[in-house]
Amino acid sequence: MKIERISEHVWSLRTWMIIPFRVWVVKEEDGITLVDAGIPGMTKGILRFIEKLQAGPLRRIVLTHGHSDHVGAINGLLARYPEAEVFAHEIEFPYMEGREPYPGRKKAGQSVRPGMAKPLKYNGEGEDGDGLSAVGGLAVYHTPGHSPGHVAYYHEQDRVLLAGDLFTSSKGRLRKPMAMFTADMAEAVRSSEILRTLQPARLEICHGGPVLQPAAQLDAYQAAAASAAVSGTAKAR
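Residues numbered from 1 in each chain as written. Predicted model: local features only at pLDDT ≥ 70, side-chain atom pairs only at ≥ 80, totals over all residues. Heavy atoms only, no water.

(A) The arrangement of the overall build of the protein chain in detail. Per the secondary structure count, the protein chain includes 6 helices and 14 strands. By the compact-globule yardstick of 18 Å for 237 residues, the protein chain fits well, its C-alpha radius of gyration being 17 Å. C-alpha extents for the protein chain along the principal axes are approximately 55 × 40 × 40 Å. Relative to its 237 residues, the protein chain shows a buried fraction of 53%. Sequence separation of at least 24 residues holds for 59% of the intrachain contacts in the protein chain that already meet a minimum separation of 6. With the model as given, the accessible surface of the protein chain reaches about 11400 Å², and the carbon-plus-sulfur share is 50%. Here the protein chain holds 28 positive side-chain charges and 26 negative ones, and the gap between their average locations is 10 Å. (Helix = DSSP H or I, 4+ residues; strand = E, 2+ residues; numbered from the N terminus. Rg over C-alpha atoms; globule rule 2.2 N^0.38 Å. Buried < 20%, exposed > 50% of the residue type's maximum accessible area, 1.4 Å probe, protein only. Contact = heavy atoms within 4.5 Å. Areas by Shrake-Rupley, 256 points an atom, 1.4 Å probe, with all protein chains shown as cover. Lys, Arg positive; Asp, Glu negative; His and termini not counted. Charge placed at Lys NZ, Arg CZ, Asp CG, Glu CD.)

This is the structure we're talking about:
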């Protein structure tokens, strides 16, 4: 597992299995927040790093969404830190708990056992995810499309956006999320507006490298996505 300190409070932990898989450790005043839990093979590496960091125990695991490659280490982590809490957007629960198939999939599949995760809280200042309360030092934004309850976490002090599968990337350039696993690509592209809103200095994604000053690429990214959508519609005819 490759470990990289990407800002004052945030570390990226990466492994490879054909494609990269990343999770992020965030140093908080009360201990550690883990953003996403990767695949099962990452469990020991995550635990070793938390212990090596000596910044306190794992307090919480916050999920960008409930796909299996973002929750794989949860059971092992909770075995070591049973008091840690797991959070996800409430919209994800019927899908990740196996009650309904994710949009675009034929069968339901349980990735998180019922009752393991708690819904992210609202602060009453917005609707449809805009009013999600911060978790630790992370502001939370609903960014649907890849999955219905996909969220991104923003460390405002460090100006780092931890965006799960909202994008992929290639050589520092924004790319769309993987189409075969994305429920609604048009909605995912609309959710990319979060970059314009926040203007992060660094974008981190699960299956790709970081993108610096990503908002500067947003217009080109959205234009390319629109062009691809028009082309796809034409071919379908």
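(B) Main features of the layout of surface pockets. Empty space within the largest pocket amounts to approximately 270 Å³. Lining the largest pocket we find 19 residues, and of these H67, S68, D69, R105 and F181 sit closest to its centre. Of the residues belonging to the lining of the largest pocket, the class tally is 7 nonpolar, 8 polar and 4 charged. (1 Å grid on protein atoms, 1.4 Å probe; cavity = no way out; pocket = protein on both sides within 12 Å on 5 of 7 lines; lining within 4 Å. Points joined across faces, edges and corners; volume = space filled by probe spheres on them. Nonpolar A, V, L, I, M, F, W, Y, C, P; charged D, E, K, R; others polar.)

(C) Region of the structure containing the packing of aromatic side chains. Scanning all chains against the criterion turns up 3 aromatic pairs. Between the aromatic rings of Y95 and Y102, the centroid separation amounts to 5.0 Å while the plane-to-plane angle is 25°, which identifies the pairing as stacked. Residue Y95 is classed as buried on the basis of its relative accessible area, which comes to 13%. Accessibility expressed as a relative area gives 7% for Y102, which makes it buried. On the numbers, 5.2 Å between centres and 65° between planes, the contact of F167 with Y221 is edge-to-face. (Phe/Tyr/Trp six-rings, centres within 6.5 Å; stacked < 30°, edge-to-face > 60°.)

(D) Broad picture of the sheet that holds strand β10 (residues 160–162). With mixed pairing, the 5 strands of this open sheet are ordered in space as β8-β9-β10-β13-β14. Of all strands in the sheet, those with a lone pairing partner are β8 (138–142) and β14 (211–212), marking the two edges. By the bridge criterion, 3 bridges tie β10 to strand β13 (residues 202–204) in an arrangement that is parallel. Bridging from a neighbouring strand, L161 pairs with L203 of β13. (Pairing = 2+ DSSP bridges.)

(E) A look at unusual backbone geometry. One non-glycine residue, I18, adopts positive backbone phi at about 75°. Of note, I18 is situated in the loop between β2 (10–17) and β3 (19–28). At Q199, a residue that is not glycine, the phi angle is positive and equals roughly 55°. Structurally, Q199 can be placed in the loop between α5 (194–198) and β13.

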